[in-house]
Amino acid sequence: MTDKYITAFAPASIGNVGVGFDMLGLAIENVGDRVSARKTEEKGVRIKEIYDLNGDVHSSLSKNTNENTASISANSLWESQSQSCGLELVIHKGIPLQSGMGSSAASAVAGAVAANALLENPLSKKEILMYALEGEKFASGGLHADNVAPSLFGGLVFCPQNSLPVTSSIKMPDTLSSIVLHPELKVNTAESRLKLKKNYSLDVLLEQQSYLAGFVLGVIQNDITLIRENLRDILIEPQRAPDVPCFKKIQEIALNNGALGCSISGSGPSIFAICENNKSSQLERLMRESCLNQGYDCQTWISQSNSKGSAIED
Ligand code: HSE
């Protein structure tokens, strides 16, 4: 039995991408979680340690394997392959908690991908999806794949619940980038989801449906005007904006300075914008300045649109 650790990286993601509540997600570059895994004599899954963004032992995440998305996902995949040995995990959080950047999903993906790699990859990424979703279900209280799927596969993924485990990757125009701004606030996704209205008028549903279709068509046809006209959310964003007090001003600045769209990532507090590559640096600076001027410290990331998903690291 080997005692060598294998490490999986899974990136952060923008869930919803504004228009596609619970069914459209986009991976982000250069920020994500890592899970290292090794086989153990003792059966079952165990979390050896969890480290935070600074490399210190995490002060708030539970090492109870039934309460951690990485271990829940890794364990469900491990058990499906009827292993006679166990699994030990070390989790390195690179994504801020309760940030709206798919932190729980990235850990779930990295846990499942690491477990699969230890078994010498019996499952394809498409087959890993439902195991990774087990962890996400625990964290957010719903079966939505708009963080797990882009984190696993990379890029933009259409993943409505009723089609799972089938998902569709959609190539974004290479000329587009995303900007994610994370203000120093926290929003609990499960609580945020409970507050959402359950019923919507037909008018609102039809309008939102047209935005989703228009946005996806714009992406497929490489039509920047169509993307700009349709990247908007009249359904969920207005309900979540009050939880992110700096959002409205940042959105206004982004839209006035070349963003094709700007909305709340997941349940917030992160804010994302999509723009043409040559506008991304200036837009990032303006969004950051607006956030700081409103009294919130923040972090930002710029990503190309078709970024890579989860991977095993050397
Ligand atoms: N689609 C989910 C939501 C993503 O917006 O609640 C949560 O990160």
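See the structure shown above.
All values derive from a computational prediction rather than experimental measurement.

## Things to note about the overall build of the chain
Logical step 1: If you tally the helices and strands in the chain, you get 10 helices and 11 strands.
Logical step 2: At 19 Å, the chain has a C-alpha radius of gyration in line with the 20 Å of a compact globule built from 314 residues.
Logical step 3: Over its C-alpha atoms, taken along the principal directions, the chain stretches across nearly 60 × 40 × 40 Å.
Logical step 4: Looking at the chain as a whole, 55% of its 314 residues are labelled buried.
Logical step 5: Within the chain, contacts between residues separated by at least 24 positions form 74% of all contacts whose residues are at least 6 apart in sequence.
Logical step 6: A total of about 13,500 Å² of accessible surface is found on the chain, and carbon and sulfur atoms cover 48% of it.

## Structural notes on the site of the ligand
Logical step 1: Close contacts around the ligand come from Asn-16, Phe-21, Asp-22, His-144, Asp-146, Asn-147, Thr-189, Arg-193, Arg-240 and Gly-266, and that covers them all.
Logical step 2: A distance of 2.7 Å is found between an oxygen atom of the ligand and a side-chain nitrogen or oxygen belonging to Asn-16.
Logical step 3: Here Asp-22 contributes a side-chain N or O atom positioned 2.6 Å from a nitrogen atom of the ligand.
Logical step 4: Contact with the protein chains covers 97% of the free accessible surface of the ligand, which is 260 Å².
Logical step 5: If you count residues domain by domain, the shell around the ligand takes at least three from each of domain 1 (6-170) and domain 2 (176-304).

About the cut-offs
- Residues numbered from 1 in each chain as written.
- Predicted model: local features only at pLDDT ≥ 70, side-chain atom pairs only at ≥ 80, totals over all residues.
- Heavy atoms only, no water.
- Helix = DSSP H or I, 4+ residues; strand = E, 2+ residues; numbered from the N terminus.
- Rg over C-alpha atoms; globule rule 2.2 N^0.38 Å.
- Buried < 20%, exposed > 50% of the residue type's maximum accessible area, 1.4 Å probe, protein only.
- Contact = heavy atoms within 4.5 Å.
- Areas by Shrake-Rupley, 256 points an atom, 1.4 Å probe, with all protein chains shown as cover.
- Near = heavy atom within 4 Å.
- Polar contact = N/O pair within 3.5 Å; in protein donor to acceptor, adjacent residues only side chain to side chain.
- Domains from an automatic or database assignment.

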